[in-house]
Amino acid sequence: MFFEPNKVAAGGATGIAILLYEGWSIPTSLSVFIINIIMLIFSYFHLDKMTTVKLVFGSFMLPVLLYLTPVYNIIPGNRLVSIIVGSIIFGIGVAILYTLDMSSGGTTVPPMIIHKSFGIDKYISLFVIDGLVCFGNIALTGFMSFFLALMSVGISSAAIKLVTIIEDKYADA
């Protein structure tokens, strides 16, 4: 409701799926489903089994919800506001899932693996991965979408970090 109707691929499996749809008309729900299956396989081999079990629910629910949800711009006529609101909601959602050692699958899985293996904060590696996905906008949806996507990655990363700081503060209390 925020990114796909505005043709902005702001990272993640959904961003990759938006690019695949814009370039080759592959349905976003199908692309996300395939990416999530691949990420579940990586999770199985690199994360503990309970984390993989937790990932299964989100990995299947996200493509189902993408399939069921119509592509409707909830904030018509203002791409900037739509992307800002969507980025904040996305960032808070991912932070909550990370706090629960869960994910909706997709490209949120590699940061979990990187964190486990190297101790790098999840939000930093997610920022890098999402930034790479953003470059696809240049070729498929234009420079404005690219800049909106980069802005979105920054906003969602800041939201993730903010929620993580708040959670850490109150977890110790």
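Rules and cut-offs
Per chain, residue numbering runs from 1 following the sequence as it is written. This being a predicted model, a pLDDT of at least 70 is required before a residue's local features are given, and a value of 80 or more before pairs of side-chain atoms are given or counted; all residues contribute to the totals for chains, interfaces and linings. Only hydrogens and water are set aside; all other atoms, that is, all heavy atoms of the structure, feed into the side-chain values. UniProt positions are given in the numbering used here, feature names are shortened, and annotations may be inferred rather than shown by experiment. For the purposes of this entry, the term helix denotes a DSSP run of H or I that reaches at least four residues, the term strand denotes a run of E that reaches at least two, and both are numbered from the N terminus. In this description, contact between two residues means that some pair of their heavy atoms is separated by no more than 4.5 Å.

An unreviewed UniProt entry annotates the protein chain as Integral membrane protein of Companilactobacillus tucceti DSM 20183.

1. So, the UniProt feature "transmembrane region" (unreviewed entry) in the protein chain
UniProt annotation of "transmembrane region" (unreviewed entry) refers to residues 24-43, 55-75, 81-100, 120-140 and 146-166 when read in the numbering used here. Between the end C-alpha atoms of residues 55-75 there is a gap of 30 Å, over a span that is 67% helix and 0% strand. Spanning residues 81-100, this segment combines 95% helix with 0% strand, and its end C-alpha atoms are found 29 Å apart.

2. Some remarks on the environment of Cys134
Mapped onto the elements, Cys134 comes out in helix H6 (residues 122-134). With 115 residues separating them in the primary sequence, Cys134 and Leu19 have C-alpha atoms 9.4 Å apart. Each residue touching Cys134, except ones within four places of it in the same chain, is listed here: Ala9, Ala10, Gly11, Phe146, Ala149, Leu150 and Val153.

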